[in-house]
Amino acid sequence: GAQVPACPLAQKAAEFDAFSGPYQLDPAEALRWSRDQLPVFFSPKLGYWIVSRYEDIKSVFRDNILFSPRNVLEKITPATPEAMEVLKGYGYAMNRTMVNEDEPVHMERRRALMDHFLPEHLETKQEMIRRLTREKVDAFIDRGRVDLVDAMLYEVPLNVALHFLGVPEDDIQVLRNFSVAHSINTWGKPTDAQQLAIAHDVGRFWQYAGKIIEKMKREPNGTGWMHETIRKNVEMPEIVPDSYVHSMMMAIIVAAHETTSLASANMFKTLLGHRQAWEDICADPSLIPNAVEECLRYAGSIVAWRRQTTAPARLGDVDLPEGAKLLIVQASANRDPRHFEEPDRFDIYRDNAVDHMTFGYGAHQCMGKNIGRMEMRIFLEEISRRLPHLRLAEQEFAYMVNTSFRGPEHVWVEWDPDLNPERTRP
Ligand code: HEM
């Protein structure tokens, strides 16, 4: 039966703060006490129920009827009235996309738009990803010191995403600012003053997305997933409505590239921080696929996701009312000793690393997971082969404050160019 939590636990629940302190430093570590003692608790500061154990999180993901994804793209910090006015001025109308759509529409839409994500189609992207990666590495390989994020991990996933979507690649810097605004707007805690500036950027991003759609409509035979979406919008507007096309155009640019950039930054930070694992990979590249999964488990780029109950529900020992908002912390699931043996050990040989929750689970599981994985593998193949003597530079890692997207803003690395394998063995 339900237990009344002992005082220290109630106090920990009351103190839990998703936007500062331990959770921002290390979300999995910040919830160790919860995994051990109070796996589902209400956070009065956030107004969400926090869920921290692997099995509970999996069962929430599994039942997308009782635990609806409708709140996935809601502003976690509500807009101020002034910010709302600004957004209205831009005609901002972010609505259902894929990730926050309910059944039965979601499945029909997902099926209608699945082709581009099938392995045969992704196979054709491999060469492009490798070429883009090599061009970036060529540009810095003689330098001896570089920020991997600025030098490749930001732009390659962005270019791959735009190519996959069929979105024109003209304004990369503009997109970068917009992405940050959209992420803080959705998952961050902007101050009242920041809310205004962000509302302007989000409003402009919305209008920019509309312009991209207009431009793409003028090329009815264009290639890429968003061109396919625009054609499906004409063929089956009840399943792929206009509001979907516009909302998705804005959301997917972030979903397809920010997630992958951050996961890749986490991966290099983690691997270079575990020297033996790095050297094992350099010696045997066949270890790379499982190393990527272990990186996604140990330091994933999506650390928490949301759901909302559509009826009273029981989760573990806790009764949730209808309409309860849940923050399901995948980073915590990924460190749950009930599922992963010695979960705090980084182990590229772990046989169940792939069970991680970083791509979600069930009906909404990430459609782009194999694109993300392919990029991460190629980054690792290219860098471990050409710069095996790479090491992390002394640095403080900085992270954007938010509940869900996690990865260092910069990853500075160093090496001696005279020892580059392509110089020493001709
Ligand atoms: C959904 C993470 C890369 C497209 C999701 C979800 C997560 C996620 C957590 C929600 C899953 C759920 O509710 O069960 C990630 C991570 C990535 C990544 C960590 C990179 C490492 C990508 C890429 C694309 C993409 C590259 C597209 C090119 C999507 C789409 C959905 C989704 C369309 C919605 C699926 C649905 O609701 O049916 N992703 N993602 N993602 N992702 Fe990804």
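From a predicted model like this one, the values you see are computed outputs, not experimental measurements. Position numbers for residues count from 1 along each chain, tracking the sequence in the order it is written. Predicted model: local features are reported for residues with pLDDT of at least 70 only, side-chain atom pairs are reported and counted for 80 or more only, and whole-chain, interface and lining totals are derived from all residues. Hydrogens and water are ignored here; the side-chain numbers use all heavy atoms of the structure.

A word on the site of the ligand
Taken together, 29 residues form the shell around the ligand, and within it His106, Arg110, Arg307, His364 and Cys366 come nearest. Contacts to the ligand include Val99, whose backbone N or O atom sits 3.5 Å from an oxygen atom. N or O atoms closer than or at 3.5 Å make up a polar contact, with two conditions inside protein: a donor-capable atom paired with an acceptor-capable one, and, for residues adjacent in sequence, both atoms drawn from side chains. Within the side chain of His364, an N or O atom sits 2.6 Å from an oxygen atom of the ligand. Each helix is a run of H or I in the DSSP string that is no shorter than four residues. Each strand is a run of E no shorter than two, and both are numbered from the N terminus. Those elements that provide at least two residues to the shell around the ligand are α7 (105-112), α15 (242-272) and β5 (305-309). For the shell around the ligand, the element with the most residues is α15, which contributes 6 residues. Its residues assigned to classes, the shell around the ligand shows 17 nonpolar, 10 polar and 2 charged. Domain start and stop positions are those given by an automatic or database domain assignment. When residues of the shell around the ligand are assigned to domains, at least three map to each of domain 1 (1-62 + 303-357) and domain 2 (63-302 + 358-424). Nearness is judged by heavy atoms alone; a residue qualifies as near a molecule or strand once a single heavy atom is within 4 Å of it. Gly counts as polar in this scheme, as do all residues outside two lists: the nonpolar Ala, Val, Leu, Ile, Met, Phe, Trp, Tyr, Cys and Pro, and the charged Asp, Glu, Lys and Arg.

So, the sheet that holds strand β10 (residues 412-414)
In space, the 3 strands of this open sheet follow the order β4-β10-β9, with antiparallel pairing throughout. The sheet terminates laterally at β4 (145-147) and β9 (391-392), the two strands that pair on one side only. Two strands pair if DSSP finds at least two bridges between them. Note that β4 and β10 share 3 bridges and pair antiparallel. The residue of β10 that forms the bridge with Val146 is Val413.

Considering the domain arrangement of the chain
The domain architecture assigned to the chain consists of domain 1 (1-62 + 303-357) and domain 2 (63-302 + 358-424). The centre of domain 1, based on its C-alpha atoms, is set 24 Å off from the matching centre of domain 2. In this description, contact between two residues means that some pair of their heavy atoms is separated by no more than 4.5 Å. Taken together, the contact pairs 45 residues of domain 1 with 51 residues of domain 2. On the domain 1 side of the interface with domain 2, the three residues burying the most area are Phe19, Arg306 and Phe346, jointly 21% of the side's total. We define a salt bridge as a contact between a side-chain nitrogen of Lys or Arg and a carboxyl oxygen of Asp or Glu at a distance within 4 Å. In this structure, the connection of domain 1 to domain 2 is made through 2 salt bridges. Among the ionic pairs, Lys325 bridges to Glu74, the shortest N-O distance being 2.7 Å. For the pair domain 1 and domain 2, the interface holds 31 residue pairs in polar contact (both at pLDDT 80 or more). Elements represented by at least two residues in the side of domain 1 that touches domain 2 include exactly α2 (22-25), α5 (54-62), β5 and β8 (325-328). By convention, the term buried area covers the 1.4 Å-probe accessible surface removed from two parts as they join, with the contributions of both added.

Regarding the pairing of β5
The buried label applies to any residue whose accessible area, calculated with a 1.4 Å probe on protein chains only, is under 20% of its type's maximum; exposed applies above 50%, and partly exposed to all values in between. Of all the 5 residues making up β5, 5 are buried; the element is thus mostly covered by neighbouring parts of the structure. Side chains Trp305, Arg307 and Thr309 project from β5 onto one buried face, and the interleaved Arg306 and Gln308 project onto a second face that is buried too. Pairing of strand β3 (residues 67-68) with β5, which is carried by 2 bridges, proceeds in the antiparallel orientation. Considered in β5, the bridge of Phe67 is made with Thr309. Of the strand pairs in this sheet, β5 and β8 are connected by 4 bridges, and their pairing is antiparallel.

Examining the coordination of the iron atom of the ligand
Metal-coordinating donors are taken as N, O and S atoms lying within 2.8 Å of the metal, or within 3.2 Å when the metal is Na, K or Ca; because water is left out, some sites can appear incomplete. Exactly one protein atom donates to the iron atom of the ligand; that atom is Cys366 (SG), 2.2 Å from the metal. By the secondary structure assignment, Cys366 is in the loop between α18 (330-333) and α19 (369-386).

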